[in-house]
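# Structural overview
Letter by letter, the chains look like this.
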Amino acid sequence: MKTLNDFNFKNKKALIRVDFNVPLNEKFEVTDDTRIVSAKPSIIKILEDGGSCILMSHLGRPKGVQDEFSLKHIVDKVEDILGVEVKFVDECIGEKAEAAAASLEPGQILLLENLRFHKEEEAGDKAFSKKLAKLGDIYVNDAFGTAHRPHASTTIIAQFFPNNKCFGYLLAQEIESIEKVMKTGEKPVLAVLGGAKVSSKITIIENILDKIDHLIIGGGMSFTFIKAQGGKIGDSICEDDKMELALEILKQAKAKHVQVHIPVDVIAANAFSNDAKTQIVNINEIPDGWQGLDAGPKSIANFHKVVMQCKTILWNGPLGVFEMENFAKGTIALGNSIAEATKNGAFSLVGGGDSVAAVKQFGFEDKVSYVSTGGGAMLESLEGKTLPGIAAILE
Ligand code: AMP
């Protein structure tokens, strides 16, 4: 796997696909700069080698050229974070972009305009990729968040750099973290899958059963399993058409000697509301008119024991409706358990969608080993897919 460390960038122009798709408020201020901060180590390494950086990214989902999606809005923020002046060119291909790239001196940074102002970007157009490729000497992909898309700047462009392409530090770290769980993880390996629906996690479960020793199924997903086993789940969220599949998963897990842990009790509410009345009940005895919105105390204690005995932990999906304060306890407790296990030497990876939001919201970011930056890309990796953006560098 070629990374930045395999190249010396002295007098070279690095063309880096970063993920600067950051949220902006109505004043076009960056409200979460995590993605820019994450790209910094790669950029600094190249500058310190004596090279220059041409940064390309998308921002939002523009339909053609739309000023509100211009990357010019983030130039100041990128400068602040990198501590280096950032030049901006309001094109990403063509004469203007080429002139700006050509005039770059070692130590300088150029940010190109939003790639998605051209529909050819998402179409993975070869001619467009070739025009982008003209701008730099070495192609660096450091955008995990878009690595699952076969777009021009993430995938197709790599073919124009047969010997001069590599992963940036961020993308390399993402790949290594996933491998630590899926391939080289120290046993016992635990996967915690929560969230709303079985259907969105099914491919992940099928893919990881061969790699794990323990599986915790929590959150809304668990009710499909409980109902399938004959439990009474009241008005809890359930996918009736996935009940057979749930039983099949349990069968497969047993055959593969994976221990499955499902909540035994829940905090049930009489409405889907933070102000609802609540009671703690057994998960298979939820009265009609009540719905399970969080893990109960016995479940939390059980999960804690499981987490503490594992050396490798993957967490995807909350254990309850954590967006409502009264139903966040299970998710917070699990975060605390994983933080404690990590402190004791376990490797923990949090990735894919809402668990990342939960981890950030409750301040666990620095207490787990790695928080993935890519939602969809992470989920597809866990499903066992080789992401096109990663394959393009490995080829
Ligand atoms: P996912 O995107 O599949 O990871 O699902 C995340 C969502 O699942 C969050 O918005 C949670 O509020 C929701 N969720 C977790 N537990 C439950 C539950 N018991 N009932 C309803 N929704 C839930």
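In this text, all values refer to a predicted model and were calculated from it rather than measured experimentally. (Residues numbered from 1 in each chain as written. Predicted model: local features only at pLDDT ≥ 70, side-chain atom pairs only at ≥ 80, totals over all residues. Heavy atoms only, no water.)

## Here's the deal with the site of the ligand
- Inspection of the region around the ligand gives 15 residues, with A196, G220, G292, E323 and D354 positioned closest.
- In this structure, an oxygen atom belonging to the ligand sits 3.0 Å away from a main-chain N or O atom of A196.
- Between the ligand and G292 there is a distance of 2.9 Å, counted from a nitrogen atom to a backbone nitrogen or oxygen.
- Considered on its own, the ligand offers 500 Å² of accessible surface; in the complex 82% of this is hidden by protein.
- The pocket occupied by the ligand, as judged from atoms lying within 2 Å of grid points, is the second largest pocket.
- Looking at side-chain class alone, the shell around the ligand contains 6 nonpolar, 6 polar and 3 charged residues. (Near = heavy atom within 4 Å. Polar contact = N/O pair within 3.5 Å; in protein donor to acceptor, adjacent residues only side chain to side chain. Areas by Shrake-Rupley, 256 points an atom, 1.4 Å probe, with all protein chains shown as cover. 1 Å grid on protein atoms, 1.4 Å probe; cavity = no way out; pocket = protein on both sides within 12 Å on 5 of 7 lines; lining within 4 Å. Sits in = over half its atoms within 2 Å of the grid points. Nonpolar A, V, L, I, M, F, W, Y, C, P; charged D, E, K, R; others polar.)

## What to know about the packing of helix α1 (residues 34–49) against helix α2 (residues 75–82)
- Where α1 contacts α2, the axes come no closer than 10 Å and their chain directions differ by 60 degrees. As summarised for this structure, α1 and α2 are arranged oblique, according to the angle between their axes. Here the hand of the crossing between α1 and α2 comes out right-handed. Contact with α1, carried on its side by I36, V37, K40, I43 and I44, involves K77, V78, I81 and L82 of α2 and no other residues of that element.
- For the contact of α1 with α2, a count of residues per class yields 7 nonpolar, no polar and 2 charged. (Axes fitted to C-alpha atoms, helices over the stretch in contact; angles between N-to-C directions. Helix = DSSP H or I, 4+ residues; strand = E, 2+ residues; numbered from the N terminus. Parallel < 35°, antiparallel > 145°, perpendicular 65-115°, else oblique. Left-handed = near helix turned anticlockwise from the far one by under 90°. Contact = heavy atoms within 4.5 Å.)

## Structural notes on the domain arrangement of the protein chain
- Considered domain by domain, the protein chain is made up of domain 1 (4–172) and domain 2 (185–382).
- Each of domain 1 and domain 2 has a C-alpha centre, and these two points are 37 Å apart.
- In this assembly, 8 residues from domain 1 lie in contact with 10 residues from domain 2.
- Buried surface at the junction of domain 1 and domain 2, both sides included, amounts to about 680 Å², of which 57% is carbon and sulfur.
- Taken as a group, F144, H148 and L170 account for 67% of the area that domain 1 buries against domain 2, more than any other trio of residues on that side.
- Our enumeration of links across domain 1 and domain 2 arrives at 1 salt bridge.
- The salt bridge involving D32 is made with K360; its shortest N-O contact spans 3.7 Å.
- For the pair domain 1 and domain 2, the number of links is 0 residue pairs in polar contact (both at pLDDT 80 or more).
- When residues in the side of domain 1 that touches domain 2 are grouped by element, the largest group, 3 residues, is from α1. (Domains from an automatic or database assignment. Buried area = accessible area lost by both parts, 1.4 Å probe. Salt bridge = Lys/Arg side-chain N within 4 Å of Asp/Glu carboxyl O.)

## A look at empty space enclosed by the protein
- The full count for this structure, using the stated rule, is 2 cavities of 30 Å³ or more.
- Here the largest cavity defines a volume of roughly 60 Å³.
- Taken together, V18, D19, F20, R35, S38, A39, D142, G145, L170 and T373 form the lining of the largest cavity.
- At 3 residues, α1 tops the list of elements feeding residues into the lining of the largest cavity.
- Partitioning the lining of the largest cavity into residue classes produces 4 nonpolar, 3 polar and 3 charged.
- For the second largest cavity, the calculated volume is near 40 Å³.
- For the lining of the second largest cavity, the elements supplying multiple residues, two or more each, are α10 (297–308) and α11 (329–343).
- Ranked by residues supplied to the lining of the second largest cavity, first place goes to α11 with 4 residues.
- Here the lining of the second largest cavity is built from residues that sort into 5 nonpolar, 3 polar and no charged. (Points joined across faces, edges and corners; volume = space filled by probe spheres on them.)

## Points about the environment of A101
- Summarising the element assignment, A101 is placed in helix α3 (residues 94–102).
- Owing to a relative accessible area of 2%, A101 belongs among the buried residues under this scheme.
- Separated by 215 residues in the primary sequence, A101 and N316 place their C-alpha atoms 41 Å from one another. (Buried < 20%, exposed > 50% of the residue type's maximum accessible area, 1.4 Å probe, protein only.)

## Overview of the pattern of salt bridges
- This model, assessed by the stated rule, comprises 16 salt bridges.
- The residue R35 makes a salt bridge to D19 at a minimum N-O spacing of 3.5 Å. Of the two residues, R35 sits in helix α1 while D19 sits in the loop between β1 (13–17) and α1, which places them 16 residues apart along the sequence.
- A relative accessible area of 29% means that R35 is categorised as partly exposed.
- R116 is paired through a salt bridge with E122; the nearest N and O atoms lie 3.9 Å apart.
- In this structure E122 comes out as partly exposed when scored by relative accessible area, which is 43%.

## Observations regarding the nonpolar core
- By size, the foremost hydrophobic cluster in this structure holds 73 residues, and its most contacted members are F144 and L215.
- The leading source of residues in this core is helix α6 (residues 169–182), at 7 residues.
- Two domains each donate at least three residues to this core, and these are domain 1 (4–172) and domain 2 (185–382).
- Apart from the residues lying within four places of it in its own chain, the contact partners of F144 are L171, E174, I178, S372, T373, G374, A377, M378, S381, L387 and I390.
- Counting residues in hydrophobic clusters, the runner-up holds 29 residues, among them F7, A14, L55 and I74. (Core = buried A, V, L, I, M, F, W, Y, C linked by side-chain atoms within 4.5 Å.)

## What to know about the sheet that holds strand β17 (residues 370–371)
- One open sheet holds the 6 strands; their spatial order is β10-β8-β7-β15-β16-β17, and the pairing between them is parallel. Unpaired on one side and paired on the other, β10 (259–261) and β17 mark the two borders of the sheet.
- As paired strands, strand β7 (residues 189–193) and strand β15 (residues 312–316) are joined by 5 bridges and run parallel to one another. When the sheet's bridge partners are listed, A191 is paired in β15 with L314.
- Relative to the sheet, α11 contacts β7, β15 and β16 (347–350), its axis offset from that of β15 by approximately 155 degrees. (Pairing = 2+ DSSP bridges.)

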